[in-house]
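So you can see what is in the structure, the chains are spelled out below.
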Amino acid sequence: MDGDTLDRDERFMREALAEAELAGAAEEVPVGAVVVHGDTIIGRGRNRRAELSDPLAHAEVEALRDAARALGTWRLDDATMYVTLEPCPMCAGALVQGRLGRLVYGAADLKGGAVRSLFQVCEDRRLIHRVAVSPGVLAEECAAVLQRFFGERRRK
């Protein structure tokens, strides 16, 4: 990966981290996502399951919906999603269904990740679409947000 791509990925991952912080402040698991088209953020999302009483209100789904509305299409093949945590099976499937062009994620999810850790949904050749994947961008910072959140919960 060239320096310009890495700088860009880190810049937009910081935007996803800001969404994660908002989720944590609202007592939600702090995961955040943004969808970028060109150089513009067209979708933002953060975990809102408790707030909305909606099991589907993961950061990735929220950001995908926002991006699809912004573009006026469900096909997001020219877009990149930046998310702080490796997507779960539901979200990885949603990325494939939305024909996302590229996924960049921060921390691996060894217990529930469906992009590289447990399953490889986004790159499965049996599916009609594959999403290019760039893992580990600002992984330590992304993991620290989650560790801090759950550490505070254990102390309560």
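Residues numbered from 1 in each chain as written. Predicted model: local features only at pLDDT ≥ 70, side-chain atom pairs only at ≥ 80, totals over all residues. Heavy atoms only, no water.

Novice: Could you give an account of the pairing of strand β4 (residues 102–107), naming the residues involved and the relevant values?
Specialist: Burial analysis of β4 places six of its six residues in the buried class, the great majority of the element. The pairing of strand β3 (residues 79–85) with β4 spans five bridges and is classified as parallel. Along β4, the bridge assignment pairs Thr80 with Arg102. (Buried < 20%, exposed > 50% of the residue type's maximum accessible area, 1.4 Å probe, protein only. Helix = DSSP H or I, 4+ residues; strand = E, 2+ residues; numbered from the N terminus. Pairing = 2+ DSSP bridges.)

Novice: An account of the layout of surface pockets is needed here, citing residue identities and associated values.
Specialist: In this structure, the largest pocket encloses a volume near 500 Å³. Lining the largest pocket we find 21 residues, and of these Val29, Leu85, Asp109, Leu146 and Phe150 sit closest to its centre. Taken together, the residues of the lining of the largest pocket break down into 11 nonpolar, four polar and six charged. (1 Å grid on protein atoms, 1.4 Å probe; cavity = no way out; pocket = protein on both sides within 12 Å on 5 of 7 lines; lining within 4 Å. Points joined across faces, edges and corners; volume = space filled by probe spheres on them. Nonpolar A, V, L, I, M, F, W, Y, C, P; charged D, E, K, R; others polar.)

Novice: Can you break down the pairing of strand β1 (residues 32–37) residue by residue, with the values?
Specialist: The element β1 is largely enclosed, with a buried count of five among its six residues. Across six bridges, β1 lies against strand β2 (residues 40–46) in antiparallel orientation. Looking across to β2, one finds that Val35 is bridged to Gly43. Here β1 folds back onto β2 in antiparallel fashion, the turn holding two residues, of which Gly38 has a positive phi close to 70°. Of the strand pairs in this sheet, β1 and β3 are connected by five bridges, and their pairing is antiparallel. By the bridge assignment for β3, Val34 is matched with Tyr82.

Novice: Quick one: what's the story with the packing of aromatic side chains, residue by residue and with numbers?
Specialist: This model, assessed by the stated rule, comprises two aromatic pairs. With centroids separated by 5.5 Å and ring planes inclined at 35°, the aromatic side chains of Phe12 and Tyr82 adopt a geometry described as tilted. A residue pair is termed long-range when its members are at least 10 positions apart, and Phe12 in helix α1 (residues 3–25) and Tyr82 in strand β3 qualify at 70 residues. Like Phe12, the residue Tyr82 is buried in the burial classification. (Phe/Tyr/Trp six-rings, centres within 6.5 Å; stacked < 30°, edge-to-face > 60°.)

Novice: So what's going on with the packing of helix α3 (residues 59–71) against helix α4 (residues 89–97)? Which residues, and what values?
Specialist: Between α3 and α4, the least distance of the axes is 9 Å, while the angle of their chain directions is 20°. Taken together, the axes of α3 and α4 lie roughly parallel to each other. Here α3 runs over α4; the crossing is left-handed. Across from Glu60, Val61 and Leu64 in α3, the residues of α4 making contact are Met90, Cys91, Ala94 and Leu95. (Axes fitted to C-alpha atoms, helices over the stretch in contact; angles between N-to-C directions. Parallel < 35°, antiparallel > 145°, perpendicular 65-115°, else oblique. Left-handed = near helix turned anticlockwise from the far one by under 90°. Contact = heavy atoms within 4.5 Å.)

Novice: An account of helix α5 (residues 139–155) is requested, with residue identities and associated values reported.
Specialist: End to end, α5 covers 24 Å across 17 residues, agreeing with the expected 24 Å (1.5 Å per residue, within 8%). Against α1, β3 and β4 lie the buried residues of α5. (Expected span 1.5 Å × (residues − 1).)

Novice: Outline the nonpolar core, listing residues and values.
Specialist: By size, the foremost hydrophobic cluster in this structure holds 39 residues, and its most contacted members are Met13, Met81, Tyr82, Leu95, Leu100, Leu103 and Cys122. Of all the secondary structure elements, the ones that give two or more residues to this core are α1, β1, α3, β3, α4, β4 and α5. With sequence-adjacent residues up to four places away left out, Tyr82 is seen in contact with Arg8, Asp9, Phe12, Met13, Ala16, Gly32, Ala33, Val34, Val36, Arg102 and Val104. (Core = buried A, V, L, I, M, F, W, Y, C linked by side-chain atoms within 4.5 Å.)

That is the geometry; function is a separate question.
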